[in-house]
Amino acid sequence: MANLGFVGLGTMGGRIAKRLMDAGHTVTGYNRTKEKARWLIEAGMRWADSPRAVAEAVDIVFSMVTDTRALQAVALGPDGILAGLGPGKVYIDMSTVSPAFSRELAAQVAARGAAMLDAPVSGSVSTLEAGQLSIMVGGDRAVFEQVLPILRDIGPTITYVGPNGMAVAMKIAVNLGLAVQMLAFSEAVLLAEKSGISRETAVQALLNSVIASPMLKYRGPFVLRMPEEAWFDVNMMQKDLLLALEMARALDVPLPTTAVANEFLTAARGMGMAHQDFAAVFHVLARMAGLEE
């Protein structure tokens, strides 16, 4: 069993840390808001007072935070993860951030004699709890092979993508599809509803049809009842779409449906839905269609 650290114990990060604990690993954790990690501490997680302290105490340290700025906050500076790394240690960042910054950080990690992997995940809370989360990994292949058994304790599907930064780029490509699919699904439900078909029947028919992707099967029902706690909120999804659009502009790749989905996320924010699950784009369209106040 490994001596692990985890920085960023939010909705997904906390559950991943618990999964590692349940697999028998020792986990030392840090979160900006300690109270959100209380349940993990009560379950046996060790607490450290800074990201640096986590990195100093363990052999392999994970992080999972909201965006590039948050990663900079926990990784850099005198109390950051980087300051606690040394020869032989491994740093695995599971955040969805700028690939350019991820590569820059990996170079700084290497300069300290440690190794970094970017390892964002694909899936939701329900996917993770069902043990079906998939992980994409970028970085040195030998380091990847070294930590592969630990990654398998998080999820069964692990894909090595390439050098540092490549897994984050792949994750951004995956996530743009989530928003686009949700918007198209919303259009289909609303067209059926205005034709006289009940919303419940339309959702059931669509989720039993050829368009029912794994994501739509668990998020499609949200158009009938939104979750009390967002699995992936509008702000987070828009952050990923903006990363996709920035990459696309640099790489000369047109992303027309991504651009449209991004505008509907902006509309959702304007309607006060920023912290709701990104399935809220359905309610934006429903209002425009005159089906909701």
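Every chain is numbered independently, its residues counted from 1 as its sequence is written. Local features in this predicted model are restricted to residues whose pLDDT is 70 or higher, and side-chain atom pairs enter the listing and the counts only when it is 80 or higher, whereas totals over whole chains, interfaces and linings include all residues. With hydrogens and water excluded, all non-hydrogen atoms of the structure serve as input to the side-chain values.

**Regarding the pattern of salt bridges**
- The working definition used for a salt bridge is a side-chain nitrogen of Lys or Arg within 4 Å of a carboxyl oxygen of Asp or Glu. Counting across every chain of the model gives eight salt bridges.
- Notably, a salt bridge pairs Arg 141 with Glu 145, separated by 3.3 Å at the nearest N-O pair. Here Arg 141 pairs with Glu 145, and both are found in helix H7 (residues 141-152), just four residues apart, close to one helical turn.
- Salt-bridge contacts for Arg 199 lead to Glu 292; the nearest nitrogen and oxygen are separated by 3.0 Å. Taken together, the residues span a long stretch of sequence, with Arg 199 in helix H9 (residues 199-207) and Glu 292 in the segment after helix H13 (281-288) at a distance of 93 residues.
- With relative accessibility at 14%, the residue Arg 199 sits in the buried group.
- Each residue is placed in one exposure class: buried if its accessible area under a 1.4 Å probe, protein chains only, is under 20% of its type's maximum, exposed if it is over 50%, and partly exposed if it falls in between. Under the relative-accessibility criterion, Glu 292 is labelled partly exposed at 22%. Put simply, DSSP H or I for four residues or longer makes a helix, DSSP E for two residues or longer makes a strand, and each gets a number counted from the N terminus.

**Details of helix H5 (residues 99-111)**
- Helix span, expected: 1.5 Å multiplied by one less than the number of residues in the helix. Taking 1.5 Å of rise per residue, 13 residues should cover 18 Å, and H5 covers 19 Å from first to last C-alpha, within 8% of that figure.
- Listing the buried residues of H5 in full gives Pro 99, Phe 101, Ser 102, Leu 105, Ala 106 and Val 109. Angularly, the buried residues of H5 cover 155 degrees about the axis, an arc narrow enough to put them on a single face.
- Trailing H5 by a residue or two, Gly 113 shows a phi angle of about 85 degrees, which is positive. Directions from the helix axis toward the C-beta atoms define the arc.

**Describing the nonpolar core**
- Side-chain atoms within 4.5 Å are what join buried Ala, Val, Leu, Ile, Met, Phe, Trp, Tyr and Cys residues into a set we call a nonpolar core. Val 61, Leu 71, Leu 85, Tyr 91 and Phe 185 are the most contacted members of the largest nonpolar core, which has 61 residues in total.
- For this core, the element with the highest residue contribution is helix H8 (residues 166-194), accounting for eleven residues.
- Here, residues are in contact when the closest pair of their heavy atoms is within 4.5 Å. Those residues in contact with Phe 185 that sit more than four places away from it in its chain are Val 203, Leu 206, Leu 207, Ile 211, Leu 216, Gly 220 and Val 223.
- With 35 residues, the next largest nonpolar core counts Ile 16, Leu 128, Leu 133 and Leu 151 among its residues.

**Considering helix H11 (residues 234-251)**
- Over its 18 residues, H11 extends 25 Å from the first C-alpha to the last, a length consistent with the 26 Å expected when each residue adds 1.5 Å.
- Looking at H11, one finds that the buried residues are Val 234, Met 237, Gln 238, Lys 239, Asp 240, Leu 241, Leu 243, Ala 244, Leu 245 and Ala 248.
- Packing partners of the buried residues in H11 comprise H8 and helix H12 (256-270).
- Each polar contact in these results corresponds to two N or O atoms within 3.5 Å; when the atoms are within protein, one needs to be able to donate a hydrogen and the other to accept it, and residues that are neighboring in sequence are counted only if both atoms are side-chain atoms. Its side-chain oxygen at 3.1 Å from the backbone nitrogen of Asn 235, Asp 233 defines the N-terminal cap of H11.

**With respect to the packing of aromatic side chains**
- Think of it this way: a Phe, Tyr or Trp ring, Trp meaning its six-membered ring, pairs with another when their centres are within 6.5 Å, and the plane angle makes it stacked under 30 degrees, edge-to-face over 60, tilted otherwise. A full pass over the atoms with the stated rule returns six aromatic pairs.
- Ring centres 5.9 Å apart and planes at 40 degrees place the aromatic pair Tyr 218 and Trp 231 in the tilted group. Taken together, the residues Tyr 218 in helix H10 (residues 214-219) and Trp 231 in the loop between H10 and H11 connect sequence positions 13 residues apart.
- What makes Trp 231 partly exposed here is its relative accessible area of 24%.
- Of the aromatic side chains, those joined through ring pairs into one cluster are Tyr 218, Phe 222 and Trp 231.

**A few points about unusual backbone geometry**
- A positive phi angle, close to 60 degrees, is found at Asp 252, a residue other than glycine.
- Counting through the fold element by element, Asp 252 comes out in the loop between H11 and H12.

**Here we look at the side chain of Thr 68**
- Position of Thr 68 relative to the elements: it lies in helix H4 (residues 68-75).
- Reaching out from Thr 68, the side chain makes a polar contact with the backbone nitrogen of Ser 98 at a distance of 3.0 Å.
- Beyond its immediate stretch of four places on either side in the chain, Thr 68 contacts Val 97, Ser 98 and Phe 101.

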